[in-house]
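# Structural overview for review
The chain contents come next:
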Amino acid sequence: MSSLPVRPVVLAFALALAACQSPPPAGPGSAPDHTALLFEDLKASPAVLQAFLRAMPKGGDLHSHLSGAVYAESYVQWAIEDGLCVHRERLVLLDCPPAADAANVAVRSVADAVRDRRFYDRLVDALSTRNYRLYGRSGHDQFFATFAAFGAAARGRSGEMLAEAMRRAGAQNILYLELMASPGMGEAARLAADLDWDDDLARLRARLEDARLDAIAAAVRAGLSEVEREARALLGCETPAPDPGCGVTVRLLAQALRTLPAPEVFAQLVFGFRLAHADARVVGVNLVAPEDDPVALRDYTRHMRAVAFASREAPNAGIALHAGELTLGLVPPEALRFHIREAVEIAGAHRIGHGTDVLYEDDPRALLELLARRDVLVEINLTSSDVILGVTGDAHPFPVYRAAGVPTALSTDDEGVSRIDLTHEYVRAVLTYDLSWADVVELSRNSLRYAFLPEPDKTDLLGELDRRLAAFERAARSFQDLLPPASAAARNASK
Ligand SMILES: [Zn+2]
């Protein structure tokens, strides 16, 4: 959902997973049973549950936009280092105007402006959804506005951005990140700037020159390698004390912007799949930006056809699509009736992002059966759906998907913008939907099973996850000691 293209990003990282600590000897009874009982006790203390779930091995985060994964504090720091300015009323980071315009009091250097602590706090609020209710703005509008507000500070910072995402993942025992970013997408869109839409997609494709697409891809691939090197250097991956984030495997999804003119969206999709075909570090394609945008709504079916057509450039690439990230009132009811179905039936999506409006679609029972039959995973972003759509608790279809046998995984969407992390989303899911330990393990495993990795890589990561989970279960009793007395009393009374 981030609406801002970011510079070249991410990469494949050697799978250098730390060996698990040697486990203590197993006690009487099976460790999984013990963990399942302990897990029920932990629900009485969300604080301890959080610590437990943070330490728990979590397979991957399959829905995370790199620019939205960065916290506002990092963007402010980079803005200071880069000598950027801030518009004091709109709270947008921008290049400082020429000296001749210095009389423009609405714009100040970020370094000067944030000496005022109250301004600093307001700026962090503006670059995220923190405290958004205080400002009389909807969560939807505040969320999407942040990407333009911090965009200037993201320039040239892809290495740091990646390092931040990897560091946070490593600290939460996450093995895998599939990050969405837009490397080369601006250039790809420009290839179609003068093109008119043509429903004959083969004819439209013929107007995009392979040589120019491949030149962009070559530049992107070199940029990705540099970003990877920079991130690993920041994390000390080649030092005797590497950050745990060095062990996180990272892959990239190329994201096209659904709010652009249709020929440019088409060019981005073609480029995205072509890049995925050329570079194993790019494992799939997604369509992003607000699904409720008038252009996105108008062109929705066109985009689905474009995805299906463009995917021929890389038959093995994954297709994950934001679809059904809508709710009644945000758009007319007619727009709620077909997005998820078309994403699967027309575009051939392997995964659906959000899928929040599934029960508003035509024949939702048949649609759920279709998703289950085709084994299409739905990426569940609980906090994002709450803030952007106001859909929470039983109004969210997460339990409906589960009951229908549709695979799901928990993801963050934009952990920096939303001021969360993946652990937070696990805690929220457990407490809102009373998930069991077995449910949580399944969600963790799903986030690798449905990754867009080649099968051997996926098998390796799943094996590593299972080893870490087994070790975690053997050591999980230590969390019992953290439970406050009230929880312990309740636990004993229930036995
Ligand atoms: Zn998203």
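Residues numbered from 1 in each chain as written. Predicted model: local features only at pLDDT ≥ 70, side-chain atom pairs only at ≥ 80, totals over all residues.

Secondary structure summary: the chain contains 23 helices and 11 strands in total. For a compact globule of 495 residues, the expected C-alpha radius of gyration is about 23 Å, and the chain comes in at 23 Å, within 12% of that figure. Buried positions account for 52% of the 495 residues belonging to the chain. Considering only contacts within the chain whose residues lie at least 6 apart along the sequence, 80% involve residues at least 24 apart. (Helix = DSSP H or I, 4+ residues; strand = E, 2+ residues; numbered from the N terminus. Rg over C-alpha atoms; globule rule 2.2 N^0.38 Å. Buried ≥ 20, exposed ≤ 12 C-beta atoms within 10 Å, placed from the backbone. Contact = placed C-beta atoms within 7 Å.)

Y75, L93, M166, F266, L269, L321 and A349 are the most contacted members of the largest nonpolar core, which has 144 residues in total. The biggest single contributor to this core is helix α12 (residues 262-278), with 10 residues. A domain-level breakdown of this core finds at least three residues from each of domain 1 (31-69 + 156-481) and domain 2 (76-153). Residues within four places of Y75 in sequence aside, it is in contact with V70, L93, L127, F150, A153 and A154. (Core = buried A, V, L, I, M, F, W, Y, C linked by C-beta atoms within 7 Å. Domains from an automatic or database assignment.)

Attention shifts here to the packing of helix α2 (residues 46-55) against helix α20 (residues 422-433). Viewed as axis vectors pointing N to C, α2 and α20 meet at an angle of 130°, and their least axial separation amounts to 9 Å. When the axis of α2 is compared with that of α20, the two are oblique. Crossing of α2 over α20 shows right-handed handedness. Contact residues: P46, L49, Q50, L53 and R54 in α2; T423, Y426, V427, V430 and L431 in α20. Counted by class, the contact of α2 with α20 contains seven nonpolar, two polar and one charged residues. (Axes fitted to C-alpha atoms, helices over the stretch in contact; angles between N-to-C directions. Parallel < 35°, antiparallel > 145°, perpendicular 65-115°, else oblique. Left-handed = near helix turned anticlockwise from the far one by under 90°. Nonpolar A, V, L, I, M, F, W, Y, C, P; charged D, E, K, R; others polar.)

Let us look at the sheet that holds strand β8 (residues 318-323). Spatially, eight strands are ordered β1-β5-β6-β7-β8-β9-β10-β11 in an open sheet, and the strand pairing comes out parallel. Across the chains shown, the open sheet's two edge strands, defined by having one partner strand only, are β1 (58-65) and β11 (408-410). Taking each pair of neighbouring strands and ignoring which way they run, the sheet shows an average axis angle of 25°. Pairing of strand β9 (residues 351-354) with strand β10 (residues 377-380) involves three bridges; the strand directions are parallel. Residue pairing for β10: I352 is matched across the bridge by V378. Sheet strands in contact with α20 are β1, β5 (174-181) and β11, and its direction is about 125° off that of β11. Those strands touched by helix α21 (residues 437-449) are β1, β5, β10 and β11, and its axis lies near 60° from that of β1. (Pairing = 2+ DSSP bridges.)

Positionally, E361 belongs in the loop between β9 and α16 (364-373). Using a count of 20 C-beta atoms within 10 Å as the deciding quantity, one classes E361 as buried. As for E361 and L275, which are separated by 86 residues in sequence, their C-alpha atoms are 33 Å apart. Each residue touching E361, except ones within four places of it in the same chain, is listed here: L336, R337, F338, I340, R341 and L367.

Domain boundaries in the chain define domain 1 (31-69 + 156-481) and domain 2 (76-153). Taking the mean C-alpha position of each, domain 1 and domain 2 sit 28 Å from one another. With nine residues of domain 1 at the contact, the number on the domain 2 side is 11 residues. Elements that contribute at least two residues to the side of domain 1 that touches domain 2 include exactly α17 (382-389) and α19 (415-418).

Listed in full, the buried residues belonging to α16 are L367, L368 and L371. The buried residues of α16 occupy an angular sector of 100° when the element is viewed end-on, so they sit on one face. In α16, the exposed positions that point more than 90 degrees away from the buried face belong to R365, A366 and R373. For α16, the elements touching its buried residues are α15 (339-345). D375, located one to two residues past α16, shows a positive phi value of around 60°. (Arc of directions from axis to C-beta.)

Right, let's talk about α20 for a bit. Quick reminder: α-helices carry 3.6 residues per turn. Residues three or four places apart thus point the same way. In a regular helix each residue adds 1.5 Å, so 12 residues correspond to 16 Å; α20 covers 16 Å between its end C-alpha atoms and thus fits that length. Three or more residues of α20 are buried, namely L422, T423, H424, E425, Y426, V427, A429 and V430. Among the structural elements, α2, β1, β5, α17, β11 and α21 are those in contact with the buried residues of α20. (Expected span 1.5 Å × (residues − 1).)

A word on the pairing of β9. As defined by bridge partners, β8 adjoins β9 across four bridges and the pair is classed as parallel. Residue pairing for β9: H322 is matched across the bridge by G353. The handedness of the β8 to β9 crossover, carried by α15, is right-handed. As for the winding sense of the linkage, the β-α-β connection from β9 through α16 to β10 is right-handed. (Right-handed = clockwise from strand over helix to strand, strands pointing away.)

Here the focus is the sheet that holds strand β4 (residues 107-109). Pairing in this open sheet of three strands is antiparallel, and the strands run β3-β2-β4 from one edge to the other. Two strands lie at the open edges of the sheet, namely β3 (93-94) and β4, each paired on one side alone. Here three bridges tie strand β2 (residues 85-87) to β4, and the two strands are oriented antiparallel to one another. When the bridges of β4 are listed, C85 appears paired with S109.

As for its position among the elements, G236 is in the loop between α11 (210-234) and β6 (249-257). Of the residues examined, G236 has 14 C-beta atoms within 10 Å and is grouped as partly exposed. The spacing of G236 and C246 is 10 residues in sequence and 7.9 Å in space, taken between C-alpha atoms. Apart from the residues within four sequence positions on either side, G236 is in contact with A241, P242 and D243.

When you tally the buried positions in β6, you get nine out of nine residues, the bulk of the element. Side-chain alternation along β6 places T249, R251, L253, Q255 and L257 on one buried face and V250, L252, A254 and A256 on a second face that is also buried. In this sheet, strand β7 (residues 282-288) lies alongside β6 in parallel orientation, the contact comprising six bridges. Directly across from L253, in β7, lies its bridge partner G284. Taken together, β6, α12 and β7 form a β-α-β motif whose crossover is right-handed.

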